[in-house]
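# Descriptive structure summary
So you can see what is in the structure, the chains are spelled out below.
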Amino acid sequence: MKKIGILFGQENSFPQAFTDRVNHLCGPGVCAEFVMIDQALQGQPGEYAVIVDRISHDVPFYRAWLKNAALTGTAVINNPFWWSADEKFFNNALALSLDVPVPKTALLPSFELPPDTSGRSFRNLRYPMNWDAIFEFTGFPAYMKPYAGGGWKDVYRVTDKEDFFAKHAQTGRETMMLQEEIVFDEYYRCYCIGGQHVHIMPYEPRNPPAERYNAGFRPSPALLAAMEHSILTLNRALGYDFNTVELAVRNGTPYAIDFCNPAPDADAASVGQENFEWVVDTMARYAIERAHTQRFGRDNLTWGTFVSKGARKRAVRPRK
């Protein structure tokens with residue numbers, strides 16, 4: 001019996017709906033259940049063919065346990081090794097190399113020293129930073145946000161130099177980014193599953209949370225095609241099986257604002273019933289597909305083209 005597990009935290013609607021849908025669709029030889037862990041022993045094979053991870057970013061024990069499971073052959077959605085390494089500043093740089101439009105972005109050192117460091121730890125950092133060049137690059141207004149954060153936590157809109165320095169002083173030890181403001185005409189939040197299934201949702205972030213999916217616009221055919229291209233390009237490069245991409249449309253061009261969301265919101269109360277039905281059904285079918293191809297004792301993770309191309313180059317490099 002191939003077991004599909006889901007590892008989750010406080011959310012309720014998606015995990016139960018996902019396991020119910022898998023068990024309804026899968027047929028003999030496959031089943032789904034909530035993951036249960038009663039021991040974590042190194043190198044021992046797990047019991048799950050597939051695990052959908054919704055919580056390990058908040059629980060280091062789960063992240064370590066998932067890496068061990070992946071080593072022994074579990075197909076973990078999303079790849080815990082890549083997820084541990086990924087962050088938003090790198091994502092923006094990668095998007096530029098793929099010709100996907102993104103806001104101009106600069107990386108900022110933390111306002112306070114990180115734990116167990118001193119001024120001597122930063123002897124390679126010129127101080128003061130060339131703030132004028134940074135501000136000229138991003139322009140004002142701009143957004144300051146954690147380089148590896150999410151959920152709109154610790155996001156600041158800054159209007160000028162003085163506002164920037166006042167708000168940067170509030171960020172403590174958090175490494176931040178300063179990002180060009182994209183004044184958008186339309187905004188979309190988009191699911192991508194398996195690097196092939198895309199669901200584009202009109203989204204109005206300026207509305208109250210309960211009304212953000214009640215946007216009064218729809219994409220034109222040309223815009224729809226451009227967004228699908230960007231979404232698939234980004235997710236295939238990053239190697240995420242389950243992700244959301246947020247796109248702000250300025251003068252007809254979709255800018256990728258946020259595309260490092262490998263545990264994306266999938267709660268029925270927030271995304272709405274139609275979107276919830278799509279994500280539950282598509283994710284269930286994709287997990288079943290992965291269960292059928294999974295084999296213990298081999299690598300069943302998804303690796304993005306950025307990593308896999310580098311590995312291939314290394315493999316064919318001639319010996320001296």
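Check the entry above for the structure.
This text gives an overview of the structure that appears in the document.

Here is what the cut-offs are and how they apply
Residues numbered from 1 in each chain as written. Predicted model: local features only at pLDDT ≥ 70, side-chain atom pairs only at ≥ 80, totals over all residues. Heavy atoms only, no water. Axes fitted to C-alpha atoms, helices over the stretch in contact; angles between N-to-C directions. Helix = DSSP H or I, 4+ residues; strand = E, 2+ residues; numbered from the N terminus. Parallel < 35°, antiparallel > 145°, perpendicular 65-115°, else oblique. Contact = heavy atoms within 4.5 Å. Nonpolar A, V, L, I, M, F, W, Y, C, P; charged D, E, K, R; others polar. Phe/Tyr/Trp six-rings, centres within 6.5 Å; stacked < 30°, edge-to-face > 60°. Buried < 20%, exposed > 50% of the residue type's maximum accessible area, 1.4 Å probe, protein only. Pairing = 2+ DSSP bridges. Arc of directions from axis to C-beta.

## Some remarks on the packing of helix H5 (residues 131–138) against helix H6 (residues 161–168)
It is at 12 Å that the axes of H5 and H6 come closest, and there the two elements cross at 110°. The angle between H5 and H6 places the two elements in the roughly perpendicular class. Facing H5, whose interface residues are Trp 131, Asp 132 and Phe 135, H6 presents Lys 161, Phe 164 and Phe 165. Counted by class, the contact of H5 with H6 contains four nonpolar, no polar and two charged residues.

## Things to note about the packing of aromatic side chains
Counted by the stated rule, this structure contains 21 aromatic pairs. Both rings, one in Trp 131 and one in Phe 165, keep their centres 5.6 Å apart while their planes meet at 90°; by these two values the pair is edge-to-face. Taken as a pair, Trp 131 in helix H5 and Phe 165 in helix H6 lie far apart in primary sequence, 34 residues in all. With relative accessibility at 13%, the residue Trp 131 sits in the buried group. Phe 165 gets classed as partly exposed once you look at its relative accessible area, which sits at 38%.

## Quick notes on the sheet that holds strand E5 (residues 105–108)
If you trace the four strands from one edge of the open sheet to the other, you get E5-E8-E6-E7, paired in antiparallel fashion. Sheet topology places E5 and strand E7 (156–158) at the edges, where each strand pairs with a single neighbour. Neighbour-to-neighbour, the strand axes of this sheet turn through a mean angle of 25°, independent of strand direction. Pairing geometry for strand E6 (residues 142–146) and strand E8 (residues 176–180), over five bridges, is antiparallel. Bridge pairing in E8 places Tyr 143 opposite Gln 179. Its contacts with the sheet place H6 against E5, E6, E7 and E8, and it is angled at close to 155° to E7.

## Overview of H5
Along H5, the positions that sit buried rather than exposed are Trp 131, Ile 134, Phe 135 and Thr 138. Down the axis, H5 shows its buried residues gathered within 95° of arc, on one side only. Contacts from the buried residues of H5 go to E5, E6, H6 and E8. Backbone geometry just downstream of H5 places Gly 139 in the positive-phi region, at approximately 75°.

## Structural notes on the sheet that holds strand E10 (residues 197–202)
The strands making up a sheet are joined through hydrogen bonds of the backbone, oriented either antiparallel or parallel. Spatially, four strands are ordered E10-E9-E11-E12 in an open sheet, and the strand pairing comes out antiparallel. The open sheet has two free edges, formed respectively by E10 and strand E12 (253–258), since each of these has just one partner strand. Mean inter-strand twist for the sheet, computed between neighbouring axes without regard to direction, equals 30°. By the bridge criterion, eight bridges tie strand E9 (residues 186–193) to strand E11 (residues 242–250) in an arrangement that is antiparallel. When the bridges of E11 are listed, Tyr 191 appears paired with Thr 244.

## Thoughts on unusual backbone geometry
The phi torsion of most residues other than glycine is negative, and most of the peptide bonds are trans. For the bond from Ile 77 to Asn 78, the omega torsion is 15°, close enough to zero to count as cis. Within the secondary structure, Asn 78 sits in the loop between strand E4 (75–77) and helix H3 (80–85). Residues Tyr 127 and Pro 128 are joined by a peptide bond in cis, for which omega reads 0°. Even without being glycine, Asp 154 reaches a positive phi, approximately 60°. Following the sequence through the fold, Asp 154 ends up in the loop between E6 and E7. The exposure class of Asp 154 is partly exposed, given its relative accessible area of 35%. Of note in this structure, Asn 251 is not a glycine but carries a positive phi near 55°. Following the sequence through the fold, Asn 251 ends up in the loop between E11 and E12. Residue class for Asn 251 comes out exposed when judged on its relative accessible area of 69%.

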